[in-house]
Amino acid sequence: MDFSSKTASRITGVLFIIAAITAIVGVILYKPILNDSDYLIQGSAHANQVVLGALMELILVVSAVGTATVMFPFLKRYHRTIAIWHVCFRFMEAVVITVGVISVLSLLALSQDYVAAGAPDAASYQVSGILLKAVHDWTFLLGPNLFLGINTMMYSYIFYKSKLVPRFIPMLGLTGSVLILLAALLEMFGVIDQVSAWGGILALPIFANEMTLAVWLITKGFNESAGGLSSIMNEKRD
C-alpha cells in the first residue's frame, strides 16, 4: 500500500529523528566496551547496557533504510538515477553499521569469555579485542560519516532542484554533506580523531539539516505544488 504525500512526509520526518536519537544513544551505551581502558572486564560487567546499545544501532539501521524507501517515490520523479543511487548507498550505510554492531557484540562475547576464564593469558584476548574494536572504528567512519555524506548530498540535490522543501534546508544539507565527507577523509588519514571536537563541529551542520528537515516534513510535508508531485498523487489514486 502506498502512502499519501502527507503520511509519507511525516513517516520520513519521524524516522530521521529516530535515527538521530538511536545513533547518539548507541554511542553513549557502548562506552564501557569501546572507550574504557579495561574494556575486557567492563564490557562483561555492563553486558545489558552494551546489548541495548546494539539494539539502538539496529533501530538506526531500520530507520535509515526507511527514510530512503519512503522518500524514493518522490525523489525518482525529479531524477530517477540519483534516487536509485540514494537507496543503494543508504542500504550500504545500513550494512556497514550492521557489521559494526556484529563487531561490538563479538567483542562483548570475548569480554564475557575473558571474565569467565578467571585469569587467562590476557595477550591473546587483547589481540582479538583490538581487532574487533578496529572493525567497529572503521564501520563508524564509513557508515555514519562517509556514506551518510554521500546520501545526504544526493537527496539534498534533488530537494534543491525540485523545491519539495524550502531551499534553505537542502542548502544546509549540501553544506553538511561536504563537511561530513571532509571529516571522514581527515579521520581516515589520521589528521583528526573520530571522536573529537573537530569531528563534532564538522558533523553539526548535517545533524542540523536532518532535524530541520524532520520537523518541516512532520509539520508541513512535501510541497505539493512542486512540479511532478501532483502526478505522484494521481498515480497513487489510480
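Here, every reference points to the structure presented above.
My aim in this report is to walk through the structure given alongside it, one point at a time. (Residues numbered from 1 in each chain as written. Predicted model: local features only at pLDDT ≥ 70, side-chain atom pairs only at ≥ 80, totals over all residues. Heavy atoms only, no water.)

1. Looking at the overall build of the chain
Note the threshold: Only DSSP runs of H or I covering at least 4 residues are called helices, and only runs of E covering at least 2 are called strands; the numbering of each starts at the N terminus. Whether a residue is buried, partly exposed or exposed follows from its accessible area with a 1.4 Å probe, protein chains only, as a fraction of its type maximum: under 20%, in between, or over 50%, in that order. Should any heavy atoms of two residues lie within 4.5 Å, those residues are counted as being in contact. Counted as positive: Lys and Arg. Counted as negative: Asp and Glu. His and the chain ends are not counted at all. To locate a charge, take atom NZ for lysine, CZ for arginine, CG for aspartate or CD for glutamate.
For the chain, the count of helices and strands is nine helices and zero strands. In the chain, which comprises 238 residues, the share counted as buried stands at 44%. For the chain, the proportion of contacts with a sequence separation of at least 24, taken over those separated by at least 6, is 77%. Here the chain carries 14 positive and 14 negative side-chain charges, and the mean point of each set is 20 Å from the other.

2. As for unusual backbone geometry
For K163, which is not glycine, the phi torsion reads 65 degrees and is therefore positive. You can see K163 is positioned in the loop between α6 (122-162) and α7 (168-188). We classify K163 as partly exposed; its relative accessible area is 47%.

3. A few points about the nonpolar core
Put simply, the test is: Only buried Ala, Val, Leu, Ile, Met, Phe, Trp, Tyr and Cys residues count toward a nonpolar core, and they belong to the same one when joined by side-chain atoms within 4.5 Å.
Among the nonpolar cores identified, the biggest contains 19 residues, and M71, L75, Y155, F159, V165, L213 and F222 are the most heavily contacted of them. Mapped onto this core, the elements with two or more residues apiece are α1 (5-29), α4 (47-75), α5 (80-116), α6 and α8 (197-219). In this structure F159 touches M71, L75, L164, V165, P170, L213 and F222, once residues within four positions along its chain are discounted. Grouped together as the second largest cluster of nonpolar side chains are 15 residues, Y30, A47, A54 and Y125 included.

4. Describing α6
Quick reminder of the rule: To estimate the expected span of a helix, count its residues, drop one, and scale the result by 1.5 Å. Bend at a residue means the angle formed by two fitted axes: the first through the 7 residues ending at that position, the second through the 7 residues beginning there.
Compared with an ideal rise of 1.5 Å per residue, which puts 41 residues at 60 Å, α6 spans 58 Å between its outermost C-alpha atoms and is within 8% of the ideal. In α6, a bend of some 35 degrees at L148 exceeds every other bend along the element. Looking one or two places after α6, you find K163, whose phi comes out positive at around 65 degrees.

5. Quick notes on the packing of aromatic side chains
Selection rule: Here a pair means two rings of Phe, Tyr or Trp (six-membered ring of Trp) with centres within 6.5 Å. Their orientation is stacked below 30 degrees between planes, edge-to-face above 60, and tilted elsewhere.
Inspection of the entire model under this criterion finds six aromatic pairs. With a centroid separation of 6.1 Å and 50 degrees between ring planes, the pair formed by F159 and F222 is classed as tilted. Of this pair, F159 sits in helix α6 while F222 sits in the loop between α8 and α9 (229-237), and the two are 63 residues apart along the sequence. Cluster of aromatic residues (ring-pair linked, three or more members): F16, F74, Y155, F159 and F222.

6. Considerations on the packing of α6 against α8
Defined as follows: Between N-to-C directions, angles cover 0 to 180 degrees, with each direction set by a line fitted to C-alpha atoms, over the stretch in contact for helices. An angle counts as roughly parallel when it lies under 35 degrees, as roughly antiparallel when it exceeds 145, as roughly perpendicular when it falls between 65 and 115, and as oblique in every other case. Working rule for handedness: look at the near helix, and if it is turned counterclockwise from the far one by less than a right angle, call the crossing left-handed; if clockwise, right-handed. Lys, Arg, Asp and Glu make up the charged group, whereas Ala, Val, Leu, Ile, Met, Phe, Trp, Tyr, Cys and Pro make up the nonpolar group; the residues left over, Gly among them, are polar.
The interhelical angle for the contact between α6 and α8, taken along N-to-C directions, is 45 degrees, at an axis separation of 12 Å. Relative to α8, the element α6 lies oblique. As α6 packs across α8, the resulting crossing turns out to be left-handed. Taken together, the residues of α8 that come into contact with α6 (itself represented by L148, G149, T152, Y155 and F159) are I206, N209, E210 and L213. Partitioning the contact of α6 with α8 into residue classes produces five nonpolar, three polar and one charged.

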